[in-house]
Amino acid sequence: MILEPRKIDKIVKSGFYIQAIFAVGLLFAIVAIVVIRGVPHISVRFIFFEPIDMGREGGIFPTIVSTAILAIFSLLLATPLGVGTAIFLTEYTKRPPIIRVIRFGVESLAGIPSIIYGLFGFIFFVVKLKMGWSALAGILTMTIMILPTIIRTTEEAILAVPKNLRLVSYSLGATKWETIKKVVLPTASPGILTGIMLSLGRTVGETAAVIFTMGSSLRMPHSLSESGRTMAVHFYILAREGISLEKAYATALVLILSTLLINVSAYYIMHGIVKRRMR
Amino acid sequence: MPGTERVKVTKERWIKGLFSVFAFSSLFFLLLIFAFILFEGIPLFQKMGIGHIITGTKWAPTKGHFGIMPMIISSFLITIGALIVGGPLGLSCAIFLSEYAGKRTRLVLKPSLELLAGIPSVVYGFLGVVYIVPAIREILGGPGFSLLAGSIILGVMILPTIVSISFDAVRSVPDAYREGSYAMGATKWQTIYRIVIPSAKSGILAGFILGMGRAIGETMAVIMVAGNALKIPSSILDPVRTLTSNIALELAYATGDHRLGLFSTGVVLLIIIMILNYIANFGIRRRLIR
């Protein structure tokens, strides 16, 4: 049987529709399952109380604190480093070999899987620098891991700043740094913020690189030299060791909602720039 | 005011110096990571011989066996499985978004698909354990924790990578190519199949390879669903242990040569990843130049 090209065209078209709907359906199914099965087990107590009996009872408060510590300090270190790198690449150096070699470093870091970061953080920070399983070791490991994201988004944002803005600033007698500080960075700030949000999402959801550096102590962390268990690590342990299915779903709900919220806002910040640029 | 002028010039110089130090930090971190993984991973290769580790089929580190061949094979099989699950679906989504979807549909669908990338990998692993593993056990038999379960989960996880890079590739095919094809009386599907996909080939390939890189490097989700058995799988329903799982399962308690063996596993993984990334970047760059 030979089908007419027009008929094939129609069949193919509906095939593409079905596949696209299926793929998006997957996302909604994942979120829906976690929400439906997590909501009954979530409460104010769950968020703000300490876990009891390895997480079988009680809440997840210390894991939220650990996650916040890890995310805030990693971003505090990675943001200046990453933004500085992007400024150097876009504003200060014009020599292709230098740009190429730095960009090679950034691209390679971006491609390294998180378990390798875990392996490196474990041997370097935890063992060789004798930090032990600690928030500090986790923070330093995550700083390196999120650096490429911040560099790349900042670079793109800076490259999108119109050249005229810089020329006007120079013509008013501003120096290079003054121009960057007062013209380039403020104009590029939504893009930089997107990079920060994406990195935040990555830190909150990361497990492999964190579990071998920050450890998995369930106690409330009081200093950076103490071990802590992030939400993602806690969820992994709850699920893998079969401690409590209800608590696992409830933790998954908090985890998935926070990462989705972070990523959606990253998207909208980015979207805002695109709109402005087109105007 | 010549004084302030000089201060300004000095300040400018300091700032440039500081940023150049920042810029080279990425390179420094990369070297540091390589140095420490290699420094810990190479000694065992020297002691046991490269052949013993790469082609050895027995992993019993406390008894002096460090063969990781089953894990290398499993890693590749699970990655190919992920590509079979996620590759065609991802490419279809990219083609749909670029060629069929209206502007408004695209504005909703594309970010939704990208959000799949924001879901933590442990959540994928967990849902795999709760839904995919029992389904495989009941429908197809076997333990459920399997190569197949790992491939399905990884296939979904690499979907966003494949969609977004293939989409860029398909989008960057000039409209003149399509119009030329329509002018000759070709239908939409003929145009996509004969003109658009071949023109976007290198970019699509780059997306697939980056997806492979992500799949082969993924750890936690795979540990949860793939079963972690130490043998070369003979069917897709067999449990498997990948290179990444091997490291993550044993690192917490390994000491001495055992720990070195995990770093040797890391060396092999790192080399595979670097090769994949190199090929992918080559594909993307070629597309950009064209």
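Because the structure is predicted, anything quoted here is derived from the model rather than measured. (Residues numbered from 1 in each chain as written. Chains lettered and ligands numbered in written order. Predicted model: local features only at pLDDT ≥ 70, side-chain atom pairs only at ≥ 80, totals over all residues.)

### A few points about the overall build of chain A
- Assigned secondary structure in chain A consists of eleven helices and two strands.
- The order of helices and strands in chain A, counted from the N terminus, is α-α-β-β-α-α-α-α-α-α-α-α-α.
- Over its C-alpha atoms, taken along the principal directions, chain A stretches across nearly 70 × 65 × 35 Å.
- Residues counted as buried form 49% of the 279 residues belonging to chain A. (Helix = DSSP H or I, 4+ residues; strand = E, 2+ residues; numbered from the N terminus. Buried ≥ 20, exposed ≤ 12 C-beta atoms within 10 Å, placed from the backbone.)

### Quick word on the overall build of chain B
- Helix and strand content of chain B: 13 helices and two strands.
- Here the C-alpha atoms of chain B give a radius of gyration of 24 Å, more than 25% beyond the 19 Å that 2.2 N^0.38 yields for 290 residues.
- When its C-alpha atoms are laid out on the principal axes, chain B stretches across 75 × 65 × 35 Å.
- Scored against the burial criterion, the 290 residues of chain B give a buried share of 51%.
- When contacts within chain B are restricted to residue pairs at least 6 apart in sequence, long-range pairs at least 24 apart make up 74% of them. (Rg over C-alpha atoms; globule rule 2.2 N^0.38 Å. Contact = placed C-beta atoms within 7 Å.)

### Structural notes on the domain arrangement of chain B
Residue and element names in this part refer to chain B.
- When the domains of chain B are assigned, the result is domain 1 (2-51) and domain 2 (59-289).
- For domain 1 and domain 2, the distance between their C-alpha centroids amounts to 31 Å.
- Here the side of domain 1 that touches domain 2 is built from residues that sort into seven nonpolar, one polar and one charged. (Domains from an automatic or database assignment. Nonpolar A, V, L, I, M, F, W, Y, C, P; charged D, E, K, R; others polar.)

### A look at helix α5 (residues 121-139) of chain B
Residue and element names in this part refer to chain B.
- Between the first and last C-alpha of α5 there are 25 Å, a value that for 19 residues agrees with the 27 Å anticipated at 1.5 Å per step.
- A bend of about 45° at Gly128 is the largest found in α5.
- By the burial criterion, the buried members of α5 are Ser121, Val122, Val123, Tyr124, Gly125, Phe126, Leu127, Gly128, Val129, Ile132, Val133 and Ile136.
- One or two steps after α5, the chain reaches Gly141, where phi turns positive at roughly 90°. (Expected span 1.5 Å × (residues − 1). Bend = angle between axes of the 7 residues up to and from the residue.)

### A closer look at the interface of chain A and chain B
- Across the contact, 66 residues belong to chain A and 64 residues belong to chain B.
- For the side of chain A that touches chain B, the secondary structure elements donating two or more residues are α1 (5-38), α3 (61-92), α4 (96-111), α5 (114-128), α6 (135-159), α8 (176-205), α10 (231-240) and α11 (245-278) of chain A.
- For the side of chain A that touches chain B, the leading source of residues is α1 of chain A, giving 17 residues.
- Its residues assigned to classes, the side of chain A that touches chain B comprises 47 nonpolar, 13 polar and six charged.

### A short note on the confidence of the model for chain B
Residue and element names in this part refer to chain B.
- Within chain B, residue pLDDT values average 88, and 96% of them lie at 70 or more.
- Across chain B, the secondary-structure element scoring lowest on mean pLDDT is helix α13 (residues 256-289), at 81, and the one scoring highest is helix α6 (residues 147-157), at 94.
- This prediction of the complex comes with two scores: 0.90 for pTM and 0.89 for ipTM. (pLDDT = per-residue confidence, 0-100.)

### Examining the confidence of the model for chain A
- This prediction gives chain A a mean pLDDT of 88; 96% of its residues lie at or above 70.
- The least confident element of chain A is strand β2 (residues 57-58) of chain A, whose mean pLDDT is 78; the most confident is α5 of chain A, at 94.

### Focus: the packing of α1 of chain A against helix α3 (residues 69-100) of chain B
- Between α1 of chain A and α3 of chain B, the shortest axis-to-axis distance is 9 Å and the interhelical angle comes to 115°. The orientation of α1 of chain A relative to α3 of chain B falls into the category roughly perpendicular. As α1 of chain A packs across α3 of chain B, the resulting crossing turns out to be left-handed. Residues Lys13, Phe16, Tyr17, Gln19, Ala20 and Ala23 of chain A of α1 of chain A touch α3 of chain B, and the partners they reach there are Leu89, Ser92, Cys93, Ile95, Phe96 and Tyr100 of chain B. (Axes fitted to C-alpha atoms, helices over the stretch in contact; angles between N-to-C directions. Parallel < 35°, antiparallel > 145°, perpendicular 65-115°, else oblique. Left-handed = near helix turned anticlockwise from the far one by under 90°.)

### Here we look at helix α7 (residues 159-171) of chain B
- For α7 of chain B, built from 13 residues, the straight-helix expectation of 18 Å at 1.5 Å per residue is met to within 8% by its first-to-last C-alpha distance of 18 Å.
- Counting buried positions along α7 of chain B yields eleven of 13 residues, so the element is predominantly enclosed.

### Brief notes about unusual backbone geometry
- Its identity is not glycine, yet Lys130 of chain A carries a phi of approximately 55°, on the positive side.
- By secondary structure assignment, the location of Lys130 of chain A is in the loop between α5 and α6.
- For Lys130 of chain A, a count of 8 C-beta atoms within 10 Å gives the class exposed.
- Its identity is not glycine, yet Asn228 of chain B carries a phi of approximately 60°, on the positive side.
- Its 19 C-beta neighbours within 10 Å are what place Asn228 of chain B among the partly exposed residues.

### As for the packing of α6 of chain A against α8 of chain A
Residues and elements named next belong to chain A.
- As a packed pair, α6 and α8 sit with axes 8 Å apart at the nearest point and diverge in direction by 150°. When the axis of α6 is compared with that of α8, the two are roughly antiparallel. For the element pair α6 and α8, the recorded crossing hand is right-handed. Residues Met142, Ile146, Thr149, Ile150, Thr153, Thr154, Glu156, Ala157 and Ile158 of α6 form the contact with α8, whose participating residues are Val184, Ala188, Gly191, Ile192, Thr194, Gly195, Ile196, Leu198, Ser199, Arg202 and Thr203.
- Here the contact of α6 with α8 is composed, by residue class, of ten nonpolar, eight polar and two charged.

### A short note on the domain arrangement of chain A
Residues and elements named next belong to chain A.
- According to the domain assignment, chain A contains domain 1 (5-41) and domain 2 (44-278).
- Here domain 1 and domain 2 have C-alpha centroids that lie 30 Å from each other.
- Between domain 1 and domain 2, the contact holds seven residues from the first and seven residues from the second.
- Tallied by class, residues from the side of domain 1 that touches domain 2 come to four nonpolar, two polar and one charged.

### Some remarks on the environment of Phe88 of chain A
- Among the structural elements, Phe88 of chain A can be located in helix α3.
- Exposure remark for Phe88 of chain A: the 24 C-beta atoms within 10 Å place this residue in the buried category.
- Once the C-alpha coordinates of Phe88 of chain A and Ser223 of chain A are considered, the two residues, 135 residues apart in sequence, prove to be 34 Å apart.
- When residues no more than four places from it in sequence are discounted, the contact partners of Phe88 of chain A are Thr93 of chain A together with Phe19, Ser20, Phe22 and Ala23 of chain B.

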